[in-house]
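This is what each chain is made of:
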Amino acid sequence: MTELYGAIEAGGTKFVCAVGSNPEDLTEVRFSTTSPSEALARAIAFFDSYRGRLAGLGVGSFGPIDLDRASPRYGYITSTPKPGWSNTDVVGTLANALDIPVAFDTDVNAAALAEGRWGAGVGLTDFIYLTIGTGIGGGVICNGRVVHGMMHPELGHSFLAKHPEDTYRGRCPFHGDACFEGLAAGPAIEERWQKAGIDLVEDHPAWALQAHYVAQALVNFICTLSPQKIILGGGVMEQQHLLSRVKAKTHQLLNGYIQAEPLLSDIDSYIVVPDLGNQAGVLGGFVLAEALLGIDER
Ligand code: ZN
């Protein structure tokens, strides 16, 4: 019998809550990420109507988060720049209210797990899921497992070389214009050009600059992590022309140094969009819940 799980993608902009077990079996609700008390109460109210029927709940959250089970703040969102959300006990609040096992990881790790199970990462042991939207984050699958290490990777705060003609002061509250997110997340694009990305025409200089930063980051990740594939999601990447620019710029920056397939001859199959679209994160909640209950050990 297929177990029924709850899943939450707790994003910086929206919460997605779902009940089900896979992409074909899923009922979801979406709402804005308002205050912690309000958003968590809405999530609890949704799952409460399935009380007694859920085997577990998997939560993929924006971060940074505390994943150290020995820590008194395990299950918390910790030092986030998002107003009101620092030191929020996500797992404790949900587990106490719903009385079911709660699995916890980053939103991007959850999305990476879902893409590995049902999407663009099927059959691969090493790949990256990177999202560029309100923030920038990445989940890394290495040897078939999601990388945690000391905490979890923070690909979005990798430092990049600033373009010599870019005078923008940057937007990361921790790193200003030094890091990927500070230079290239959606809010940075909007502040730099005084216009939302969605309103910038295809030949606007914003996009060459954006490709410059995204490609630099990809080159760093390719050289440090040697992924078999890079899955690029998030609102900013929904512009098709940007994906082409990123591929071309990545190829240019690597300058023939990495002689491996499919990067070398088929970059279109190497840098791809998520197969699961904007459901990758919440579907990852099902994978996390399964893993917590020992049903799947990926
Ligand atoms: Zn930063």
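> Any chance you could explain the overall build of the chain here in plain terms?
Looking only at helices and strands, the chain features nine helices and twelve strands. Computed over the C-alpha atoms, the radius of gyration of the chain is 19 Å, within 12% of the 19 Å expected from 2.2 N^0.38 for a compact globule of 298 residues. Oriented by its inertia axes, the alpha-carbon framework of the chain measures out at about 55 × 40 × 35 Å. Per-residue burial over the chain gives 53% buried out of 298 residues. Counted over contacts in the chain with a minimum sequence separation of 6, partners at least 24 positions apart contribute 63%.

> Before we go on, may I ask you to explain the domain arrangement of the chain in this structure?
Interface size, as often reported, equals the accessible area lost upon joining of the parts. Along its sequence, the chain is carved into domain 1 (5–107 + 278–292) and domain 2 (120–273). Each of domain 1 and domain 2 has a C-alpha centre, and these two points are 26 Å apart. Tallying the contact residues gives nine residues for domain 1 and nine residues for domain 2. Roughly 670 Å² of surface becomes buried between domain 1 and domain 2 when both sides are summed, with 61% attributable to carbon and sulfur atoms. For the pair domain 1 and domain 2, the number of links is zero salt bridges. Remark: the boundary between domain 1 and domain 2 carries three residue pairs in polar contact (both at pLDDT 80 or more).

> Help me understand the coordination of the zinc ion, please; the structure alone is not making it clear to me.
Geometry sets the ideal angles at a metal, namely 109.5 degrees for four tetrahedral donors and 90 or 180 degrees for six octahedral donors. In the first shell of the zinc ion, the protein supplies His 157 (ND1), Cys 172 (SG), His 175 (ND1) and Cys 179 (SG), at 2.1 to 2.4 Å from the metal. The site at the zinc ion holds four donor atoms, and with the angles between them running 103 to 116°, its shape is tetrahedral. Sequence positions of the residues that donate to the zinc ion give the spacing H-x14-C-x2-H-x3-C. A relative accessible area of 0% means that Cys 179 is categorised as buried.

> Could you clarify how one ought to interpret helix H7 (residues 240–254) in this entry?
Side chains that are three or four residues apart share a direction in an α-helix, a result of its 3.6 residues per turn. An ideal rise of 1.5 Å per residue puts 21 Å on 15 residues; H7 measures up with 22 Å between its terminal C-alpha atoms. Here H7 has its buried residues at His 241, Leu 242, Leu 243, Val 246, Lys 247, Thr 250 and Leu 254. Residues of H7 that are buried in the fold lie against helix H6 (205–225), strand S11 (229–233), helix H8 (267–270) and strand S12 (271–272). Just past H7, the residue Asn 255 takes up positive phi, approximately 55°.

> Would you mind showing me how to read the environment of Tyr 5 here?
Within the fold, Tyr 5 resides in strand S1 (residues 5–10). Spatially, the C-alpha atoms of Tyr 5 and Val 102 are 10 Å apart, while their sequence positions differ by 97 residues.

> What is the right way to read the packing of aromatic side chains from this model?
Any two aromatic rings considered together are summarised by their centre-to-centre distance and by the angle between their planes. This model, assessed by the stated rule, comprises five aromatic pairs. Between Phe 46 and Phe 47, the aromatic rings sit 5.1 Å apart at their centres with planes inclined by 65°, giving edge-to-face as the arrangement. One Lys or Arg, Arg 117, reaches over the ring of Trp 118 and ends 5.3 Å from the middle of that ring.

> What should I look at first to understand the sheet that holds S1 in this one?
Hydrogen bonds between backbone groups are what pair the strands of a sheet, and the pairing can be parallel or antiparallel. The five strands lie next to each other as S3-S2-S1-S4-S7, forming an open sheet whose pairing is mixed. Strand pairing shows two members of the sheet lacking a second neighbour, strand S3 (25–32) and strand S7 (102–106), which therefore form its edges. Taken pair by pair, the neighbouring strands of this sheet meet at an average axis angle of 15°, ignoring direction. Relative to S7, strand S4 (residues 56–61) runs parallel, the two sharing five bridges. Each residue of the ladder has a partner; that of Leu 57, found in S7, is Val 102. With respect to the sheet, helix H1 (residues 36–48) is in contact with S1, strand S2 (14–22), S3 and S4, its orientation differing from that of S2 by roughly 25°. Contacting S1, S2, S3, S4 and S7, helix H9 (residues 280–292) crosses the sheet at an angle of about 130° to S1.

> How should the environment of Ile 44 be read in this particular structure?
Positionally, Ile 44 belongs in helix H1. Judged by its relative accessible area of 16%, Ile 44 is buried. Considered as a pair, Ile 44 and Leu 98 are 54 residues apart in the sequence and their alpha carbons are 7.0 Å apart. Among residues more than four places away in sequence, those in contact with Ile 44 are Thr 93, Leu 94, Ala 97 and Leu 98.

> Please explain the packing of helix H3 (residues 107–118) against H9 as it appears in this structure.
In a packed pair of helices, the relevant descriptors are the angle between the two axes and the axis-to-axis distance. It is the contact of H3 with H9, at a shortest axis distance of 7 Å, that shows an interaxial angle of 85°. Judged on the interaxial angle alone, H9 and H3 are roughly perpendicular. Seen from H3, the contacting residues are Asp 107, Ala 110, Ala 111, Leu 113, Ala 114, Glu 115, Arg 117 and Trp 118; seen from H9, they are Ala 280, Gly 281, Leu 283, Gly 284, Gly 285, Phe 286, Val 287, Leu 288 and Glu 290. Here the residues of the contact of H3 with H9 sort into ten nonpolar, three polar and four charged.

The rules behind these values
- Starting afresh in each chain, residues are numbered from 1 along the sequence in its written order.
- Residue-level local features of this predicted model are given only where pLDDT is at least 70; pairs of side-chain atoms are given and counted only at 80 or more, and the full residue set underlies all totals for whole chains, interfaces and linings.
- With hydrogens and water stripped out, all remaining heavy atoms of the structure feed into the side-chain values.
- Every helix listed is a DSSP run of H or I at least four residues long, and every strand listed is a run of E at least two residues long, numbered separately from the N terminus.
- We take the radius of gyration over the C-alpha atoms and set the globule estimate at 2.2 Å times the residue count to the 0.38 power.
- In this scheme, a residue with accessible area under 20% of its type's maximum is buried, one over 50% is exposed, and one in between is partly exposed, where area comes from a 1.4 Å probe on protein chains only.
- In this description, contact between two residues means that some pair of their heavy atoms is separated by no more than 4.5 Å.
- Just so you know, the domain bounds were taken from an automatic or database domain assignment.
- Two parts placed together each lose some accessible area under a 1.4 Å probe, and the buried area is that loss summed for both.
- Salt bridge, as used here, is a side-chain nitrogen of Lys or Arg placed within 4 Å of a carboxyl oxygen of Asp or Glu.
- Here a polar contact is recorded for every N or O atom pair within 3.5 Å, except that within protein the pair must consist of a potential hydrogen donor and a potential acceptor, and residues adjacent in sequence are included only if both atoms are side-chain atoms.
- Excluding water, the donors of a metal are its N, O and S neighbours within 2.8 Å, or within 3.2 Å for Na, K and Ca, and that exclusion means sites may look incomplete.
- Every angle between 85 and 135 degrees makes a four-donor site tetrahedral, while opposite donors more than 155 degrees apart, with all other angles between 65 and 115, make a four-donor site square planar and a six-donor site octahedral; other sites are irregular.
- Multiplying 1.5 Å by the residue count of a helix minus one yields the expected span of that helix.
- Paired rings are identified among Phe, Tyr and Trp, the last through its six-membered ring, by centres lying within 6.5 Å, and are further divided according to the angle between planes into stacked (under 30 degrees), edge-to-face (over 60) and tilted (the rest).
- Whether a charge sits over a ring depends on NZ of Lys or CZ of Arg being within 6 Å of the ring centre and within 35 degrees of the ring normal.
- Strand pairing is defined by DSSP finding a minimum of two bridges between the two strands.
- Every axis corresponds to a line fitted to the C-alpha atoms, with the helix fit spanning only the stretch in contact, and the corresponding angles, defined between N-to-C directions, vary from 0 to 180 degrees.
- Angle categories are assigned with fixed cut-offs, so that under 35 degrees is roughly parallel, over 145 is roughly antiparallel, 65 to 115 is roughly perpendicular, and the rest are oblique.
- As a working rule, the residues Ala, Val, Leu, Ile, Met, Phe, Trp, Tyr, Cys and Pro are called nonpolar, Asp, Glu, Lys and Arg charged, and the rest polar, with Gly in that last group.

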